[in-house]
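Descriptive analysis of the structure
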Amino acid sequence: MEGRISDIEDVMDFFSDFQDNSDKKITEEDIISDTLKIINRINGNPLFLYCSIRTLLKHKNLLTDTHIKEIANILNIEPEVKEVIKFKEKIVYKERKARVYEDDY
């Protein structure tokens, strides 16, 4: 249990660094390296990764459409295509008038 608490404290410290160092320019590489450090500390625990991704994706409204499409490509998410076939049956009745032949033979 002590190991889990220290990991949680590390994660909290990681995210608090973003607020403390607002003067420092944070790059994408810095964030990736810090994230990989956290993953190495937890020894690739799938439950931690699942919970982290799920929690982060709850805030997907902060992402741009480009970011969302890139994440969808990484996760191999394709749009769900539903094939719908609609038939419309049209019945046409045509009245035929009887022909009357009035020939005088």
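Preceding this section is the structure that the text describes.
Presented here is a report on the structure given in the accompanying data block.

1. A closer look at the overall build of the protein chain
A count of helical and extended segments in the protein chain gives 4 helices and 0 strands. Listed N to C, the secondary structure of the protein chain is α-α-α-α in terms of helices and strands. Per-residue burial over the protein chain gives 5% buried out of 105 residues. When the accessible surface of the protein chain is summed, it comes to about 11,200 Å², and 54% of that surface belongs to carbon and sulfur atoms.

2. Some details on helix H2 (residues 28-41)
Under the 1.5 Å per step criterion, the end-to-end length of H2 is 20 Å for 14 residues, consistent within 8% with the ideal 20 Å. In the segment just after H2, asparagine 43 is the residue with positive phi, at about 60°.

3. Examining a nonpolar patch on the surface
On the surface, Leu49, Ile53, Leu57, Leu63, Ile68, Ile71, Ile74, Leu75 and Ile77 cluster together into a nonpolar patch covering about 740 Å² of accessible area. As for its placement among the helices and strands, leucine 75 is situated in the segment after helix H4 (65-74). In this structure leucine 75 comes out as partly exposed when scored by relative accessible area, which is 48%.

4. Examining helix H3 (residues 46-57)
Its 12 residues give H3 an end-to-end C-alpha distance of 16 Å, which sits within 8% of 16 Å, the value for a rise of 1.5 Å per residue. Put simply, asparagine 45 is the residue that caps the front of H3, since its side-chain oxygen is 3.0 Å from the backbone nitrogen of leucine 47.

Parameters at a glance
Residues numbered from 1 in each chain as written. Predicted model: local features only at pLDDT ≥ 70, side-chain atom pairs only at ≥ 80, totals over all residues. Heavy atoms only, no water. Helix = DSSP H or I, 4+ residues; strand = E, 2+ residues; numbered from the N terminus. Buried < 20%, exposed > 50% of the residue type's maximum accessible area, 1.4 Å probe, protein only. Areas by Shrake-Rupley, 256 points an atom, 1.4 Å probe, with all protein chains shown as cover. Expected span 1.5 Å × (residues − 1). Patch = residues over 30% accessible without salt bridge, like charges linked within 9 Å, V, L, I, M, F, W, Y side chains within 5 Å. Salt bridge = Lys/Arg side-chain N within 4 Å of Asp/Glu carboxyl O. Polar contact = N/O pair within 3.5 Å; in protein donor to acceptor, adjacent residues only side chain to side chain.

Worth remembering: the numbers are spatial, not functional.
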